Amino acid sequence: MRRKIVVGNWKMNKTVAESAELASAVVAALGNDCSACEAGIAPTYPALDAVGCTIKGSEVLLVAQNCHYEDDGAYTGEVSTGMLKAVGCSYVIIGHSERRQYFGETDATVNLRIKKVLAAGMKAILCVGETLDERESGAFEAVVSSQVTGGLQGVVDISDIVIAYEPVWAIGTGRTASSEQAQEVHKIIRNKVAELYGAAAAEAVRIQYGGSVKPSNAAELFAMPDIDGGLIGGAALKAEDFVAIVKAAC
Ligand code: PGA
C-alpha cells in the first residue's frame, strides 16, 4: 500500500511573515490527523527557515520549489541542495512546468538537479506533464514518457523519487483533468517506471496529480488506483482548503 503524499507549492507568493502565519494555520488545522499520509509545504526560499521553525515538531514536511545542480560558486540567483538540506528540507520539487516554460529547464537540467537532490540525501518530486497542444494532438503519452525517462537518466534507485503528473493545461486554470484522464496518464507513467526499473519499483513509486486540485475534487482524484496524492498550487494558499485536501488523501 503506497502512502499518499500531498504537497502545497506556494510558488512566488507570501512574505516571510505571511508564510509563517500560513504554516502555523496549516499545522493547527491538521492536528495529528495526517499520520496516514505525508503532507509538505513549499514556501519561497526566503521563507524556508521561518516556515521550518514554525512546523518543527509537527508531521508537516518542509519542501523546496527548486535547487541548482552545483554545490556552490558563481551562480547568481541560485540555491544549492546543501543550503536546502541545512535549512531542513526533506523534498525538492524539480522540473515544474513553470520552470520548464519560463526558465529554460530541459529534461537534461532536470536530470542534473534530480541527481543532486538524491546525492544530498533529500527526496525529489519530479514534475512531468503535457501542454494543451500535446494533449489535443494525442502526443501526451510520448511526451510524459520521455520526460520520465529523461529526468531519471542514470538514476539507479528511485525509492527517493516521487513523480508529479501535472498537465500544463490544468495548472492554475481551474480546469482539472477528469479523474479518468489523470488515472490514464498515471498508469502510463507507472508502466514506464516498470519498463525502466521493474515491477516492484513501479508498484512502490508514488505518483501525485497536480492541476487545479481543490477540496471539492480531491477525494475523487485520490480514489483512483494510480493517484497517490497531489501537488497543490492555488488551493495550498488557504490553510483550510489545503488541510481539507490533505484529509481527503488520508
Ligand atoms: P494549481 O497548481 O493547483 O494552482 O493548478 C498546481 C501546481 O502548479 O503545482
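Just above sits the structure.
Residues numbered from 1 in each chain as written. Predicted model: local features only at pLDDT ≥ 70, side-chain atom pairs only at ≥ 80, totals over all residues. Heavy atoms only, no water.

**Describing the overall build of the chain**
Thinking step 1. Scanning the chain for helices and strands turns up 11 helices and eight strands.
Thinking step 2. Its C-alpha atoms give the chain a radius of gyration of 17 Å, near enough to 18 Å, the size a compact globule of 250 residues would have.
Thinking step 3. Across the 250 residues in the chain, those meeting the buried criterion constitute 51%.
Thinking step 4. In the chain, once contacts between residues fewer than 6 apart in sequence are set aside, the share between residues at least 24 apart is 73%.
Thinking step 5. With 22 positive and 30 negative side-chain charges, the chain shows a separation of 3 Å between the mean positions of the two kinds. (Helix = DSSP H or I, 4+ residues; strand = E, 2+ residues; numbered from the N terminus. Rg over C-alpha atoms; globule rule 2.2 N^0.38 Å. Buried < 20%, exposed > 50% of the residue type's maximum accessible area, 1.4 Å probe, protein only. Contact = heavy atoms within 4.5 Å. Lys, Arg positive; Asp, Glu negative; His and termini not counted. Charge placed at Lys NZ, Arg CZ, Asp CG, Glu CD.)

**Digging into the packing of helix α7 (residues 140-151) against helix α8 (residues 179-197)**
To characterise two packed helices, one gives the angle between the axes of the helices and the distance between these axes.
Thinking step 1. It is the contact of α7 with α8, at a shortest axis distance of 10 Å, that shows an interaxial angle of 45°. Comparing their axes, α8 and α7 come out oblique. In this structure, α7 meets α8 at a crossing whose hand is right-handed. In this structure, α7 contributes Phe 140, Glu 141, Val 144, Ser 145, Val 148 and Thr 149 to the contact, and α8 contributes Glu 184, Val 185, Ile 188, Ile 189, Lys 192, Val 193 and Leu 196.
Thinking step 2. Partitioning the contact of α7 with α8 into residue classes produces eight nonpolar, two polar and three charged. (Axes fitted to C-alpha atoms, helices over the stretch in contact; angles between N-to-C directions. Parallel < 35°, antiparallel > 145°, perpendicular 65-115°, else oblique. Left-handed = near helix turned anticlockwise from the far one by under 90°. Nonpolar A, V, L, I, M, F, W, Y, C, P; charged D, E, K, R; others polar.)

**A closer look at the site of the ligand**
Thinking step 1. Lining the immediate environment of the ligand, one finds 13 residues, of which Lys 11, His 96, Glu 166, Gly 172 and Ser 212 sit closest.
Thinking step 2. Interatomic distance of 2.7 Å between a side-chain N/O atom of Lys 11 and an oxygen atom of the ligand.
Thinking step 3. In the environment of the ligand, an oxygen atom lies 2.8 Å from a nitrogen or oxygen atom belonging to the backbone of Gly 234.
Thinking step 4. Relative to its unbound accessible area of 280 Å², the ligand is 95% covered by the protein chains. (Near = heavy atom within 4 Å. Polar contact = N/O pair within 3.5 Å; in protein donor to acceptor, adjacent residues only side chain to side chain. Areas by Shrake-Rupley, 256 points an atom, 1.4 Å probe, with all protein chains shown as cover.)

**Quick word on the sheet that holds strand β6 (residues 161-165)**
Thinking step 1. One closed barrel holds the eight strands; their spatial order is β1-β2-β3-β4-β5-β6-β7-β8, and the pairing between them is parallel. Each strand of the sheet is rotated relative to its neighbour by a mean of 25°, with strand direction disregarded.
Thinking step 2. Taken together, the two bridges between strand β7 (residues 206-210) and strand β8 (residues 229-232) define a ladder with parallel strand orientation. Within β8, the residue paired with Gly 210 across the bridge is Leu 231.
Thinking step 3. The sheet strands contacting α7 are β5 (123-128) and β6, and the helix crosses β5 at an angle near 150°.
Thinking step 4. Relative to the sheet, helix α11 (residues 239-249) contacts β1 (5-9), β2 (38-42) and β8, its axis offset from that of β1 by approximately 165°. (Pairing = 2+ DSSP bridges.)

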